[in-house]
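Descriptive structure summary
One letter stands for each residue in the lines below.
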Amino acid sequence: MSFRLSPAARAEGHRLHSHDRLGSTNTEALARARDGETGPLWVATRLQEAGRGRRGNVWESPEGNLFASLLWPVQGVAPEMVATLGFVAGVALVDAIRNVCRLQAPSPRTRGEGRDDPVVVAASGSEGEGAFRGEPLPDAPPHPRLSPCFGDDEVAEALSPRAGRGDAAAGFRLKWPNDVLMDGAKLAGILLEAEQLPGGRRAVVIGFGVNVAATPEDLPYPAAALRPAHAVDAPILFESLTERFVEAARIWNKGRGFQDIRQLWLERAAGVGAPVSVRTAETVLSGTFDTIDEGGRLVILAPDGTRRTVTAGEVHFGRAATAA
């Protein structure tokens, strides 16, 4: 099955470059931006050979997983709001995963229908990844179009949405700043990259990497894949992601609706109210995961009652938090 955009994404003017093989989808999307492309343009590949994650780490890319990037237009977006696209991406991705895992099948539309996607197919060698090379970012009621999600790890049994819930997609949660967890193990990562282009233009690319078919080997943390528990493949998940991103981007509204996105993100977050430890370049901060603030920073409630904000760091929950 080939990659295709959802009808909602096509209606919003999204386009797709689909590849059999790439080095990195983020790299390819940024190259298209340097050539004058403004987006919204999706780049997806069946095989990624040089993926990367946060802080330049390698993103292992087993075949059958989802590797996709979105070149997103940021004209008219305040510079301080660009990084909040990471939260838009997180909400869209976790909702797309929950959607396809509930269905256990392709989208409700008939997949045999004629395709009119604006697709460019290439047989060459981009990116599923994990945070913004810059700095992330306010509080509002939940949006009616995006339902809350549930699920968590060892933080506490009370946090596990599986308790008393029959939803097959219940175990998916967002981990600050840019991961998706499946029953507490890493399932997916998101990476934002930005580049200043000639003429004052800015290019912003959002990379998505999801363990659909397999988990990378020899990881220093627990990892999970959607299969075999869920009958999902990368193209099915990709189409759902393009639809959910359209919905979330409308709410975000060039950053003006970030308060709504922040609330949606918190409803889907792992470990809120539970022990957390964050290792930064300078120190280790421990306490309770209180919230994310109006700038998207993690807020930790320390044992002495003070609140500390974190812009970037390595996050641990539960027993791992007390051991960090």
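Notes on the structure in this doc start here.

With that settled, consider the overall build of the protein chain. Counting secondary structure elements, the protein chain contains 6 helices and 13 strands. For the protein chain, the residues scored as buried account for 56% of the 324 residues in total. Carbon and sulfur atoms form 50% of the exposed surface of the protein chain, whose accessible area is close to 13200 Å².

Below, the discussion takes up the pairing of strand S12 (residues 307–310). Bridging between strand S11 (residues 298–301) and S12 involves 4 bridges; their strand directions are antiparallel. Its bridge partner lying in S12, Val-299 is registered against Thr-309. In this antiparallel pair of consecutive strands, S11 and S12, the connection spans 5 residues, and Gly-305 shows a positive phi of 95 degrees.

Attention now moves to the packing of helix H4 (residues 234–252) against helix H5 (residues 258–267). The contact between H4 and H5 brings their axes to 7 Å, and the two run at 130 degrees. Relative to H5, H4 is oriented oblique. Every residue of H5 that contacts H4 at Ala-248, Ile-251 and Trp-252 is listed here: Phe-258, Asp-260, Ile-261 and Leu-264.

The biggest cluster of nonpolar side chains holds 73 residues, and the ones touching the most others in it are Leu-226 and Phe-245. Ranked by the residues each element gives to this core, the list is headed by helix H3 (residues 85–103), at 12 residues. In this structure Phe-245 touches Trp-42, Leu-70, Trp-72, Leu-85, Val-88, Ala-89, Ala-92, Ile-206 and Phe-208, once residues within four positions along its chain are discounted. Within the second largest apolar cluster, 10 residues are counted, among which are Leu-22, Leu-41, Val-43 and Leu-197.

In the structure shown here, the tally under the stated rule is 8 aromatic pairs. Here the aromatic rings of Phe-3 and Phe-238 are separated by 5.5 Å at their centres, their planes lie at 80 degrees, and the arrangement is edge-to-face. Looking at Phe-3, the relative accessible area reads 2%, which means it is buried. Ring plane angle 15 degrees and centroid distance 6.3 Å describe the contact between Phe-289 and Phe-317, whose orientation is recorded as stacked. Here Phe-317 lies in strand S13 (residues 314–317) and Phe-289 lies in strand S10 (residues 284–292), a separation of 28 residues in the sequence. In terms of burial, Phe-289 and Phe-317 fall into one category: buried.

A word on helix H2 (residues 25–34). Among all positions in H2, only Thr-25, Asn-26, Glu-28, Ala-29, Leu-30 and Ala-33 are buried. Residues of H2 that are buried in the fold lie against strand S1 (15–22), strand S2 (41–48), strand S3 (66–72), strand S7 (185–196) and strand S8 (202–210). Of the residues flanking the start of H2, the one acting as N-cap is Ser-24, its side-chain oxygen 3.3 Å from the backbone nitrogen of Asn-26.

Before going further, it helps to examine the pairing of S8. Counting buried residues in S8 gives 8 out of 9 residues, a clear majority hidden from the surface. With 7 bridges joining them, S3 and S8 adopt antiparallel strand pairing. Looking at the pairing, Leu-71 lines up with Val-205 of S8. With 9 bridges joining them, S7 and S8 adopt antiparallel strand pairing. Following the sheet pairing, Ile-190 is matched in S8 by Phe-208.

This paragraph deals with the sheet that holds S10. The strand order across the open sheet formed by 5 strands is S12-S11-S10-S9-S13, and the pairing between neighbours is antiparallel. The two strands at the open ends of the sheet, each matched to only one other strand, are S12 and S13. Strand after strand, the sheet turns through a mean of 45 degrees between neighbouring axes, direction not considered.

Here the focus is the side chain of Thr-45. Summarising the element assignment, Thr-45 is placed in strand S2. The exposure class of Thr-45 is buried, given its relative accessible area of 0%. In terms of polar contacts, Thr-45 uses its side chain to reach the backbone amide nitrogen of Arg-21, at 3.4 Å.

Definitions and limits used
Residues numbered from 1 in each chain as written. Predicted model: local features only at pLDDT ≥ 70, side-chain atom pairs only at ≥ 80, totals over all residues. Heavy atoms only, no water. Helix = DSSP H or I, 4+ residues; strand = E, 2+ residues; numbered from the N terminus. Buried < 20%, exposed > 50% of the residue type's maximum accessible area, 1.4 Å probe, protein only. Areas by Shrake-Rupley, 256 points an atom, 1.4 Å probe, with all protein chains shown as cover. Pairing = 2+ DSSP bridges. Axes fitted to C-alpha atoms, helices over the stretch in contact; angles between N-to-C directions. Parallel < 35°, antiparallel > 145°, perpendicular 65-115°, else oblique. Contact = heavy atoms within 4.5 Å. Core = buried A, V, L, I, M, F, W, Y, C linked by side-chain atoms within 4.5 Å. Phe/Tyr/Trp six-rings, centres within 6.5 Å; stacked < 30°, edge-to-face > 60°. Polar contact = N/O pair within 3.5 Å; in protein donor to acceptor, adjacent residues only side chain to side chain.

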